[in-house]
2 protein chains.
Amino acid sequence: MNGTSTVGIVGLGAMGLPMALRLAATPGVTVRGYDTAPARRRLAADGGVVAVESAAGAGDGAQLLILSVRDGVQAENALFGEAGAASALPAGAVVLLTSTIGADAARALGDRLAAAGLGLVDAPISGGPVRAGNGELLIVVGGAEHDVVAARSVLERLASTLTIVGPRVGDGQLVKVINQLLAGVHIAAAAEAVALAVGVGLDPALVVQTLSAGAASSFMLSDRGPRMVQALDGDPEVRSRVDIFVKDMALVARLAADAHIPAPVAAAAGQLYVIAERAGLGTSDDSTIVRMLAEGGQREQP
Amino acid sequence: MNGTSTVGIVGLGAMGLPMALRLAATPGVTVRGYDTAPARRRLAADGGVVAVESAAGAGDGAQLLILSVRDGVQAENALFGEAGAASALPAGAVVLLTSTIGADAARALGDRLAAAGLGLVDAPISGGPVRAGNGELLIVVGGAEHDVVAARSVLERLASTLTIVGPRVGDGQLVKVINQLLAGVHIAAAAEAVALAVGVGLDPALVVQTLSAGAASSFMLSDRGPRMVQALDGDPEVRSRVDIFVKDMALVARLAADAHIPAPVAAAAGQLYVIAERAGLGTSDDSTIVRMLAEGGQREQP
């Protein structure tokens, strides 16, 4: 990021806020941020972001507009809804889509933006809020080369692992959906492991720690496993919500069905998140899915 | 391992042979090894093991007898079948059970051995043949303290991570079964991810490499993922067989059922191994399960 540049961002949630704050702390960069929740705008303003009252306000004068929203509907609204950003962005500006919305939805947005003389870089992110604030995200990028070049300095400020997975808008989404397949299954497997440890009378914390060293290890077992042990007795801090995986495992199921690829394990994991949401855990930390497996009912030591 | 000691081993397969060779290379240790297959006995003899003609021969004069067999039936035969080791072992000897046979079966063996004045240490191993040969196994141990002490020097020669998970025979098996739940699910998830990458027109090797860096990472994605990409076009070397997971995921399902713990994701993964075995892949490398998901049938790019 050389010289002076203005970056807009719509969505100041768990991922958007730390990204906005990190960019706002970069010399020569002005960040204009919008979120529907006033409290999130205030948090952003406290960290040096110019808080604005609409998506259009975020796009005003921005060479690059980051979308960090929940899903495809919110992405479309942010760009083309009332007071949307698309009409406020200067000609030739590039939209950086960091949300996971699926390849079809990303391509549809790209087509509409292209018709308005605007670029789209499909750059879904992975890694959680702490990594977002430290510039340590995994970002998988799909997009036309000149758009990717325009977004590159911002991408490099946010990512520790940046992979251009293909030249098409949608390629980043495809890889991210596969990322979510693995992440969603690994969390569910960790929950089953922790619940089973409890069910057979073992110390679940010792089991998680022991198995994290070997062939059973996963990022999610090390990250969510200890929070699941906590979740058995209380409410862990919400770092990643159950309803994120309700959405993302539905994207996995749709992609697999469209491609005629069987994905029975992902399907089973996806159902766990839907069951958890239906049980009232939608806005809880995803580690709480362990409760549905470990709590209540008959339990005997084999 | 101080002074001179004799260690017997029954089962010179993918894991047993490298363990036997490693122990035979230890100064002051004599290893007596038996396998039903003459070819395996010859390989062991080439590496300095005293090859014998029966399980009883392996137990003859051994203070410690390692069992590295496929399942509970083989373990029982090795000890109590015709020319079994139990009657040949000196009084006070300890049997080190490295196989995954389930907690109930391990406890039953422990009871029969105790009645014969022999100890049992329940020490299932994880890590694969290469790690077995390098003394880098993960071993989870359950057993009475005096038996564990007797087996300790051999355990430390084989393991880089050694955890005493409980004082009861069966505790090691319980943790190992939970290990296999995670490992079996992670392999299945990696197969679905690789198949889906192929199905949507991405480069599966690039997807595996990219996702191994972040929140979707697992030991199995890094280890089996590249072999799955190979397995799409040829037969990878057999390092871990499909039928191992047919057996182990059945142990997972039984343990979860006995404990009244739901494990739908493990159940779905377990079915994949049974389907693969039924498709003729039982003795193939477990990475080949990707073929059932990626090959043949209708495929279209979404």
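As the structure is a prediction and not an experimental result, all values here were calculated from the model.

Conventions used here
Residues numbered from 1 in each chain as written. Chains lettered and ligands numbered in written order. Predicted model: local features only at pLDDT ≥ 70, side-chain atom pairs only at ≥ 80, totals over all residues. Heavy atoms only, no water. Contact = heavy atoms within 4.5 Å. Buried area = accessible area lost by both parts, 1.4 Å probe. Salt bridge = Lys/Arg side-chain N within 4 Å of Asp/Glu carboxyl O. Polar contact = N/O pair within 3.5 Å; in protein donor to acceptor, adjacent residues only side chain to side chain. Helix = DSSP H or I, 4+ residues; strand = E, 2+ residues; numbered from the N terminus. Nonpolar A, V, L, I, M, F, W, Y, C, P; charged D, E, K, R; others polar. Buried < 20%, exposed > 50% of the residue type's maximum accessible area, 1.4 Å probe, protein only. Right-handed = clockwise from strand over helix to strand, strands pointing away. UniProt positions renumbered as here; feature names shortened; annotations may be inferred. Phe/Tyr/Trp six-rings, centres within 6.5 Å; stacked < 30°, edge-to-face > 60°. Lys NZ or Arg CZ within 6 Å of the ring centre and 35° of its normal.

(A) The arrangement of the interface of chain B and chain A in detail. Each partner contributes residues to the interface: chain B has 67 residues there, and chain A has 67 residues. Summing the contributions of chain B and of chain A, the shared interface buries around 5,500 Å²; its carbon and sulfur component is 72%. By the criterion of area lost to chain A, the three top residues of chain B are E192, L196 and A215 of chain B, representing 12% of everything that side buries. Between chain B and chain A we count zero salt bridges in total. Put simply, chain B and chain A have six residue pairs in polar contact (both at pLDDT 80 or more) between them. At 19 residues, helix 8 (residues 171–199) of chain B tops the list of elements feeding residues into the side of chain B that touches chain A. Among the residues forming the side of chain B that touches chain A, the class breakdown is 45 nonpolar, 13 polar and nine charged.

(B) Spatial organisation of the pairing of strand 6 (residues 119–122) of chain B. Because side chains alternate across strand 6 of chain B, one face comprises the buried residues G119 and V121 of chain B, and the other comprises L120 and D122 of chain B, equally buried. Handedness of the crossover joining strand 5 (residues 94–97) of chain B and strand 6 of chain B through helix 5 (residues 103–115) of chain B: right-handed.

(C) Broad picture of the UniProt feature "domain: 3-hydroxyisobutyrate dehydrogenase-like NAD-binding" (unreviewed entry) in chain A. Under the UniProt annotation, the feature "domain: 3-hydroxyisobutyrate dehydrogenase-like NAD-binding" (unreviewed entry) is placed at residues 170–293 of chain A. The straight-line gap between the two end C-alpha atoms of residues 170–293 of chain A is 36 Å; of that span, 73% is helix and 0% is strand.

(D) The packing of aromatic side chains, seen in detail. Under the definition given, this model contains two aromatic pairs over all chains. Both rings, one in F245 of chain A and one in Y273 of chain A, keep their centres 5.2 Å apart while their planes meet at 25°; by these two values the pair is stacked. Of this pair, F245 of chain A sits in helix 11 (residues 242–259) while Y273 of chain A sits in helix 12 (residues 264–281); the two residues are 28 residues apart in sequence, bridging distant segments of the chain. Each member of the pair, F245 of chain A as well as Y273 of chain A, is classed as buried. The lysine or arginine in question, R112 of chain B, covers the ring of F80 of chain B, its NZ or CZ lying 4.0 Å from the ring centre.

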